[in-house]
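Chain by chain, the residues:
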Amino acid sequence: MQAVIFIGLPASGKSSFYKSRFFATHVHISLDLLKTRHRERLFLETCLETDQRFVIDNTNPAASDRARYIEPARNAGYAVVGFYFASKVEDCLRRNAERTGRERVPDVAILSAAQRLERPSPAEGFAALYHVSMQDGQFLVGEWEDEV
């Protein structure tokens, strides 16, 4: 069974990547949609209890944020895969400015996430890690390198 955790700034392409790569195969767990940690926990527990693949589509900037998903998933026998969205703050601010309605977040959300962002490490419990970047509107997925 597979658990996927996204790591990246708001407006770095995480939800679009989910739609293009995982929509048909993985449950989408997102605080943006669920609104509370309680609902998020219920969705996560249901996936773990029913052996359902899932994607955690949150910013998850710090190792401590990611641990709340990695530990229970590993304990349930899941292979945890991380996707690190390597985006520049300026690019995220530009993409965010192009959003409308509830999709647009305050710029301070991007700036504060950037201050907290810690590069993930295999030592956190990931079975695999990948870099995701955008080029000409396309997602490029690369093998993990410790120093990028």
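For the structure given in this document, a descriptive report is provided here. (Residues numbered from 1 in each chain as written. Predicted model: local features only at pLDDT ≥ 70, side-chain atom pairs only at ≥ 80, totals over all residues. Heavy atoms only, no water.)

The next point concerns the side chain of Asp65. On the secondary structure map, Asp65 appears in helix α4 (residues 63-75). A polar contact is formed between the side chain of Asp65 and the side chain of Arg116, at a distance of 2.8 Å. (Helix = DSSP H or I, 4+ residues; strand = E, 2+ residues; numbered from the N terminus. Polar contact = N/O pair within 3.5 Å; in protein donor to acceptor, adjacent residues only side chain to side chain.)

Moving on to the pattern of salt bridges. Scanning the model with the defined rule gives seven salt bridges in all. Of the charged contacts, one joins Glu40 and Arg37 as a salt bridge, the two residues approaching to 2.9 Å between their closest N and O atoms. Pair noted here: Glu40 and Arg37 are both in helix α3 (residues 37-50), with a separation of three residues, about one helical turn. Residue Glu40 is classed as buried on the basis of its relative accessible area of 3%. The salt bridge involving Arg94 is made with Asp91; its shortest N-O contact spans 3.8 Å. In this pair, Arg94 and Asp91 are both assigned in helix α5 (residues 89-97), three residues apart and thus about one turn of the helix distant. With a relative accessible area of 29%, Asp91 lands in the partly exposed category. (Salt bridge = Lys/Arg side-chain N within 4 Å of Asp/Glu carboxyl O. Buried < 20%, exposed > 50% of the residue type's maximum accessible area, 1.4 Å probe, protein only.)

An order of β2-β3-β1-β4-β5-β6 is seen for the six strands of this open sheet, with the pairing classed as mixed. Edge positions in the sheet fall to β2 (27-29) and β6 (138-143), since each of these pairs with one other strand and no more. Taking each pair of neighbouring strands and ignoring which way they run, the sheet shows an average axis angle of 25°. (Pairing = 2+ DSSP bridges. Axes fitted to C-alpha atoms, helices over the stretch in contact; angles between N-to-C directions.)

Evaluated as defined, the whole model comprises 13 aromatic pairs. Between Phe17 and Phe139, the aromatic rings sit 5.1 Å apart at their centres with planes inclined by 75°, giving edge-to-face as the arrangement. Linking Phe17 in helix α1 (residues 14-21) with Phe139 in strand β6, this pair joins segments that are 122 residues apart in sequence. Exposure remark for Phe17: the relative accessible area of 1% places this residue in the buried category. Measuring from centroid to centroid gives 5.7 Å for Phe22 and Phe83, while their planes differ by 70°, and the two rings are edge-to-face. Taken together, the residues span a long stretch of sequence, with Phe22 in the loop between α1 and β2 and Phe83 in strand β4 (residues 79-85) at a distance of 61 residues. Judged by its relative accessible area of 9%, Phe22 is buried. (Phe/Tyr/Trp six-rings, centres within 6.5 Å; stacked < 30°, edge-to-face > 60°.)

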